[in-house]
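# Structure assessment
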Amino acid sequence: MPESTAAVTLAAVLKVKTSGESYRPFLDKLQEYLDGKGGGIPKETVIRQILIRVAKALEQNDHDNISLKIALEFLQHLDHVGGSKLRWFDLGADQLLQKVLVMLSSSPLTQSSRRKDILYDYYDTIMMVAGSVDEKGKDLLRKAVIPALLSFSCDDSHCVPALVEGMKVVNSLLQSCPVAPLRALGSNGIVKRNLMTMGKKLAMLGDMELQMGFVEAMFRLTTVDERKRLGSHCFHYQSITKCFLAICDAEFEPDCRKFLNALNGSNPNPKRVMSLPCMSAFVGDVQLQRPKDKGMSDFWVDYNPRSSSMTLFIQDTAAESDVWDTVAVNKDNIKSYQMSAWTDQGHLLTVQLITALTHISSSLQVKVFFSNQSILMIFTDSHFLYVLLHTEVIQCLSVLALLCNLRRVSNGYIHCL
């Protein structure tokens, strides 16, 4: 087939409107051109035409789920075409990544939104690209997506899990970033404004994992002097600013925990995170291990009002290094729970799940042991007591049962449905 005819055929293919599952044959047809079966059109030409087609559809507000799927699946193919000779970013794929995120975040992303699954594909695409390009490519990728992802994460209209995963992508991209491009990125105007917004929103995020993601990005993208200015603008109390500035790279996780506990503890707002130390925790017969970091003397349980969840940061026993994992018990996954007296030393919270936490155990039962001293923290913290009495967290995570049990003399228990 002469090249001119092949080009006409390709143009016809690109004009095909896709709906439902018809995008799959569309991709298969495009893949034939990428594999060199379309009549000798250079791969770079094919790629440019496809990028133009998808970008045009997005710009014309034709950004339904199908267009987004086509964009992401195609982007995932790019690094497999043309080998090392193909310069991924020279073809405008970074601009397409930016446009896809704009379209994905154009309206609130809820936990049940179909676009949330596409957003996770978007995150996977970014990480796939990061693993496929050289350092120059990584630098271009960071410049393309990090400012936009930070803006996205500052938008309160999106569900917490989507924001948490977005911050994981940001911090993963920053983790291996050399100093010079890191400083250049931190001086970007959009990034600087977002960091200030993140600092001011930190106390109100209502989710410990999201808070930790924010703090990590704030530290990676700022110098010591910039952190001082950030702290003085974002935190009302000098003691909180001092705790913020005391975080060091070598002990980031435990230092970050100390800072966030202090920040949340000073916050009277009902949407704040509430944290209690526990003695031990189990999922079925599997005992959860407290992170091994030297600075972590307590095993913390976090009650997150915004995401309606209870979380524990644990040691990932499958990892060779000191890697943290997260166990999350979400409100929608709770069938029942009870709080019962457990010897004279404390109380036992038992949660029956609807769906197992399969990355930990196939069991449907979670047990957390609290000392009486931990429970008494509630009564010595007026902010904590106020929050418990004014939020729905008590209804789904049995903190009310903690309060009631403290007043019970017998060893009976309260069962809540």
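Predicted, not measured: the structure shown is a model, and the values here were computed from it. (Residues numbered from 1 in each chain as written. Predicted model: local features only at pLDDT ≥ 70, side-chain atom pairs only at ≥ 80, totals over all residues. Heavy atoms only, no water.)

### Quick look at the packing of aromatic side chains
One pair of aromatic rings is described through two measures. These are the centre distance and the angle between the planes. Per the counting criterion, the structure on display carries 8 aromatic pairs. Geometrically, the ring pair formed by Phe-244 and Phe-259 is tilted, given 5.3 Å between the ring centres and 55° between the ring planes. In this pair, Phe-244 is assigned in helix α13 (residues 238–245) and Phe-259 in helix α14 (residues 252–265), connecting sequence segments 15 residues apart. Across the pair, exposure class does not vary: Phe-244 and Phe-259 are buried alike. Measuring from centroid to centroid gives 6.1 Å for Phe-282 and Phe-369, while their planes differ by 80°, and the two rings are edge-to-face. Here Phe-369 lies in strand β9 (residues 365–371) and Phe-282 lies in strand β2 (residues 280–283), a separation of 87 residues in the sequence. Under the relative-accessibility criterion, Phe-282 is labelled partly exposed at 22%. Members of the aromatic cluster, joined through ring pairs, are Phe-219, Phe-235, Phe-244, Phe-252 and Phe-259. (Phe/Tyr/Trp six-rings, centres within 6.5 Å; stacked < 30°, edge-to-face > 60°. Helix = DSSP H or I, 4+ residues; strand = E, 2+ residues; numbered from the N terminus. Buried < 20%, exposed > 50% of the residue type's maximum accessible area, 1.4 Å probe, protein only.)

### Focus: the pattern of salt bridges
Inspection of the entire model under this criterion finds 7 salt bridges. Measuring nitrogen to oxygen at the nearest pair gives 3.5 Å for the salt bridge that ties Lys-143 to Asp-139. Of this pair, Lys-143 and Asp-139 both sit in helix α7 (residues 135–153), 4 residues apart, which is roughly one turn of the helix. Taken together, the salt bridges that share partners define one network made up of Glu-165, Lys-168 and Glu-209. (Salt bridge = Lys/Arg side-chain N within 4 Å of Asp/Glu carboxyl O.)

### A look at the environment of Ser-112
The residue Ser-112 is located in the loop between α5 (93–104) and α6 (114–130) in this model. The class for Ser-112 is exposed, based on a relative accessible area of 67%. Distance in space between the C-alpha atoms of Ser-112 and Cys-159 is 9.4 Å, their sequence separation being 47 residues.

### Topic: the pairing of strand β5 (residues 309–315)
Buried residues dominate β5, accounting for 7 of its 7 residues. Direction of pairing for strand β4 (residues 299–304) relative to β5: antiparallel, over a ladder of 4 bridges. The residue bridging Val-301 from the neighbouring strand is Leu-312, located in β5. For β5 and strand β6 (residues 324–330), the ladder comprises 7 bridges, and the chain directions are antiparallel. Bridge assignment links Phe-313 to a residue of β6, and that residue is Thr-326. (Pairing = 2+ DSSP bridges.)

### Details of helix α10 (residues 189–201)
Under the 1.5 Å per step criterion, the end-to-end length of α10 is 18 Å for 13 residues, consistent within 8% with the ideal 18 Å. Among the residues of α10, Val-191, Asn-194, Leu-195, Met-198 and Gly-199 are the ones counted as buried. Viewed end-on, α10 has its buried residues packed into an arc of 140°, placing them on one side of the element. Away from its buried face by more than 90 degrees, α10 exposes Arg-193 and Lys-200. (Expected span 1.5 Å × (residues − 1). Arc of directions from axis to C-beta.)

### Some thoughts on the side chain of Asp-207
If you trace the backbone, Asp-207 turns up in the loop between α10 and α11 (208–220). We note that Asp-207 is buried and unpaired, the nearest opposite charge coming from Arg-306 at a distance of 7.9 Å. From its side chain, Asp-207 meets the backbone nitrogen of Leu-210 in a polar contact 3.0 Å long. In this structure the side chain of Asp-207 is engaged in a polar contact, spanning 2.6 Å, whose partner is the side chain of Ser-307. Residue contacts for Asp-207: discarding those within four places in its chain leaves Val-160, Val-164, Val-273, Asn-304, Ser-307 and Ser-309. (Lys, Arg positive; Asp, Glu negative; His and termini not counted. Polar contact = N/O pair within 3.5 Å; in protein donor to acceptor, adjacent residues only side chain to side chain. Contact = heavy atoms within 4.5 Å.)

### Digging into the sheet that holds strand β1 (residues 274–278)
Reading across the sheet, the 4 strands line up as β1-β4-β5-β6 and stay open at both edges, with antiparallel pairing between neighbours. This sheet does not close on itself; its edge strands, each paired only once, are β1 and β6. Strand-to-strand, the axes of this sheet are offset by a mean angle of 25°, without reference to chain direction. In the packing of α11 onto the sheet, the strands contacted are β1, β4, β5 and β6, and the crossing angle to β5 comes to about 55°. This element, α14, spans β1, β4, β5 and β6 of the sheet and lies at about 50° to β4. (Axes fitted to C-alpha atoms, helices over the stretch in contact; angles between N-to-C directions.)

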